[in-house]
Amino acid sequence: MGQPHQGEEAGAEAGKPPLGVGLIGYAFMGAAHSQGWRTVGHVFDLPLRPVLAAVCGRDGQAVRAMADRHGWAAAETDWRALIARDDVDLVDICTPGDSHAEIALAALAAGKHVLCEKPLANSVAEAEAMTRAAEDAARRGQMSMVGFNYRRVPATSLARSMVAEGRLGALRHVRVTYCQDWLVDREFPLTWRLRRELAGSGALGDLGAHIVDLAQFLAGEPVTGVSALTETFVRERPLPVGASSGLSAAGVPDDGADDPPAALGTVTVDDAALFTGRFASGALASFEATRFATGRKNALRIELNGERGSLAFDLERLNELSYHDHTEPGAYAGFRRILVTEPGHPYLDAWWPPGHGLGYEHTFTHQARDLVLAIAADRPPLPSFADGLQVQRVLAAVEESAAKNSVYTPVPA
Ligand code: SOE
């Protein structure tokens, strides 16, 4: 058998109908999604064969290098051209939030399936328009999903099953934190994530979106109201300068050599958000999202407390789930560690023998698997754009509450 042409797969996938993927955006999330698309067909037995058809980015040289590095068959510099390609069936949006709505609406109008990174949009209005378009498109057989990848850790999927089967009983508390520290250095430049017109918000939308979705996913119910504080600790930062930005300190085109000290720009988003919330059942929640937790690199921790027991997950111990069964006799009760690597655990049938753990990147392979299976079954995948809209409404209520000195603010249904 000759070598498969680029974009074709040998072996188990041969003969499966192709699903052409087009990726827009090629930074960290673009690389992580590429990993997922590249591996999913080799790990899971899927009814469709994902093909890395094209990747798009504004810098032609950089996107061609990324295509070569990550196995994309073609490179585009205009996202509209990517959407128009006949070999693209699914558009995967990994750009900053200010372009999510425009690209998703165009992709849905062009008859494509859509995977959109979180947060779904930079505003509730955008998220509402995207949700309407996605629900219309679903009636035409086009599927849409939001990239809340932490739902696809085997341990969090197992936790969801345990809550759904009543192992915790009536839920009383959810407490969840997502802590990073990459902004502690005042000299970190004013990149896109620190500009409201591009990112929509700061730690709140970037990290807070994850923990609101994960809390609602595990609890199985929506947050109905919040009281919030947000803060921007460092209000001015150096403008990006040098060849990579193409701008000198004075903000004019330059190769970056001999720049004077960088000019400062205003940070227009939050550095941290702390908020409490109430679930529909009356359970109480606490949330913390920060980029100033010095020493914490990507520390997501969540704990649920119910009448019959508790569950706790720590992203830094991704293959483990802590479980306390409160129905056990007191003498023997206590948190025990479930090593989530058994064949019967979510996603694990496809991977390694028990005890051989997975990592952060595998959540993107699982995300790709779940989306491909939904497309093949003509079944809307979760989390849907409507789920993304619910998160966007919580984020907006947080900002509204914080602007009114933490007054309790309902989340519109
Ligand atoms: C922030 O640095 C970030 O990259 C988030 O944007 C991702 O969603 C998260 O998974 C890792 O951290």
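From a predicted model like this one, the values you see are computed outputs, not experimental measurements.

> Please give an account of the sheet that holds strand β13 (residues 299–306) that cites residues and values.
Through backbone hydrogen bonds, the strands of a sheet pair up, either in parallel or in antiparallel fashion. Pairing is mixed across the open sheet formed by nine strands, whose spatial order is β16-β15-β14-β13-β7-β12-β11-β8-β17. Each having just a single partner strand, β16 (335–339) and β17 (409–410) make up the two edges of the open sheet. Relative to β16, strand β15 (residues 320–325) runs antiparallel, the two being bridged by five bridges. Bridge pairing links Leu 321 to Ile 338 in β16.

> Can you explain the confidence of the model for the protein? Please cite residues and give values.
Mean pLDDT over the protein works out to 93, with 92% of the residues at or above the 70 mark. Every residue in residues 1–10 is under pLDDT 50, and counting partners more than four places away or in other chains gives 11 contacts. In the model, residues 243–251 has pLDDT below 50 throughout and makes 22 contacts with residues more than four positions away in sequence or in other chains.

> Could you give an account of the pairing of strand β2 (residues 49–56), with specific residues and numbers?
With respect to burial, β2 is a largely interior element, eight of its eight residues being buried. Relative to β2, strand β1 (residues 18–24) runs parallel, the two sharing seven bridges. Opposite Gly 20, over in β2, you have Val 51 as the bridge partner. Between β1 and its parallel partner β2, the chain crosses via helix α1 (residues 28–43), and the hand of that crossover is right-handed. Taken together, the two bridges between β2 and strand β3 (residues 75–76) define a ladder with parallel strand orientation. The residue bridging Cys 56 from the neighbouring strand is Glu 76, located in β3.

> Talk me through unusual backbone geometry; I want residue IDs and the actual numbers.
Each neighbour pair has its own omega, and for Lys 118 with Pro 119 the value is -15 degrees, a cis peptide bond. Relative to the helices and strands, Pro 119 resides in the loop between β5 (113–117) and α5 (124–138). Across the junction of Leu 382 and Pro 383, the peptide omega takes the value 0 degrees, indicating a cis bond. As for its position among the elements, Pro 383 is in the loop between α9 (362–376) and α10 (385–403). Phi at Ser 406 is positive, roughly 70 degrees, even though this residue is not glycine. Positionally, Ser 406 belongs in the loop between α10 and β17. Its relative accessible area of 22% is what places Ser 406 among the partly exposed residues.

Thresholds applied
- Residues numbered from 1 in each chain as written.
- Predicted model: local features only at pLDDT ≥ 70, side-chain atom pairs only at ≥ 80, totals over all residues.
- Heavy atoms only, no water.
- Pairing = 2+ DSSP bridges.
- Helix = DSSP H or I, 4+ residues; strand = E, 2+ residues; numbered from the N terminus.
- pLDDT = per-residue confidence, 0-100.
- Contact = heavy atoms within 4.5 Å.
- Buried < 20%, exposed > 50% of the residue type's maximum accessible area, 1.4 Å probe, protein only.
- Right-handed = clockwise from strand over helix to strand, strands pointing away.

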